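Structural overview
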Amino acid sequence: PIGCTSVSPALNLSSAGFTFRVLVGVTGSVAALKLPLLVSQLLEIPGVDVRVVTTDHASHFYNVPEVPVRVYTDRDEWEMWKTRSDPVLHIELRRWADLLVIAPLDANTLGKIASGICDNLLTCIIRAWDTSRPLLFCPAMNTAMWQHPITAQQVATLQGFGYVEIPCISKKLVCGDEGKGAMAEVSTIVCAVKQYLQRPAEKTAAQVD
Ligand SMILES: CC(C)(CO)[C@@H](O)C(=O)NCCC(=O)N/C=C\S
């Protein structure tokens, strides 16, 4: 995303009386350790409200108490839905969010999204996503995984849906490999989100708080 400077004038939504609802999806790359930092920096944007949806695998990489907003899990879906009249969490969250940023997007969930697999809360939200709303994804995986030919195919598939890639970068990875696969810097991700801040589309009321 070009034009991302720390001084880029993000529309001050709070003065306009709007809140811009950012849903952060987090999956099982070790880069999920950056979740508290990413959420904290997003909360610094005036008028932005943040919620997190985590996969079970992602939860190995960060401590929920360090995340200053609600973190929804697969368990929440089944706690909330007991009988046919209960709200459906993945549908409530797709209604709630003005923008979804998946950071990090691991190889597994990349493959699920490209294939339409929806076997957890996050992939069900994505499977039901209103493609008129921005969906940004930040791939993060071992270099060998990144270099496998299926990765480029699946990234292209997501771009074909209109989703926006925030490309991975080269780093010395935690496993010792050196090369592409590291998640984009948090500042880059926050800058990219700022590009999409605008008056939220008229929405039906969501039932999540
Ligand atoms: C974790 C962090 C942010 C530290 O700088 C960086 O290494 C990264 O984004 N790694 C994600 C790639 C990955 O999932 N590697 C898994 C096996 S090597």
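Quick caveat: nothing in here was measured; it's all calculated off a predicted structure.

**Quick look at the overall build of the chain**
Regarding its fold elements, the chain presents eight helices and eight strands. The contacts in the chain between residues at least 6 apart in sequence include a share of 75% that link residues at least 24 apart. Of the roughly 10,200 Å² of accessible surface on the chain, 53% is carried by carbon and sulfur atoms.

**Some thoughts on the site of the ligand**
In the neighbourhood of the ligand, 14 residues make up the surrounding shell, with Ser29, Cys175, Gly181, Ala182 and Met183 lying closest. Contact distances for the ligand include 2.8 Å between an oxygen atom and a side-chain N or O atom of serine 29. The contact in question runs from an oxygen atom of the ligand to an N or O atom on the backbone of methionine 183, over 2.9 Å. Burial of the ligand by the protein chains amounts to 85% of its free accessible area of 470 Å². In the shell around the ligand, the residues fall into nine nonpolar, three polar and two charged.

**Topic: the side chain of threonine 143**
Relative to the helices and strands, threonine 143 is located in helix H6 (residues 143–147). On the basis of relative accessible area, threonine 143 is assigned to the buried category, the value being 7%. Not counting chain neighbours up to four residues away, the residues in contact with threonine 143 comprise Leu173, Asp177, Glu178, Gly179 and Lys180.

**As for helix H4 (residues 107–115)**
One turn of an α-helix holds 3.6 residues; hence residues three or four places apart share an orientation. Here H4 has its buried residues at Thr109, Leu110, Gly111, Lys112, Ile113 and Ala114. The secondary structure elements touched by the buried residues of H4 are strand E4 (99–105), helix H5 (121–127) and helix H7 (149–160). Immediately downstream of H4, the backbone of glycine 116 shows phi near 75 degrees, a positive value.

The rules behind each value
Residues numbered from 1 in each chain as written. Predicted model: local features only at pLDDT ≥ 70, side-chain atom pairs only at ≥ 80, totals over all residues. Heavy atoms only, no water. Helix = DSSP H or I, 4+ residues; strand = E, 2+ residues; numbered from the N terminus. Contact = heavy atoms within 4.5 Å. Areas by Shrake-Rupley, 256 points an atom, 1.4 Å probe, with all protein chains shown as cover. Near = heavy atom within 4 Å. Polar contact = N/O pair within 3.5 Å; in protein donor to acceptor, adjacent residues only side chain to side chain. Nonpolar A, V, L, I, M, F, W, Y, C, P; charged D, E, K, R; others polar. Buried < 20%, exposed > 50% of the residue type's maximum accessible area, 1.4 Å probe, protein only.

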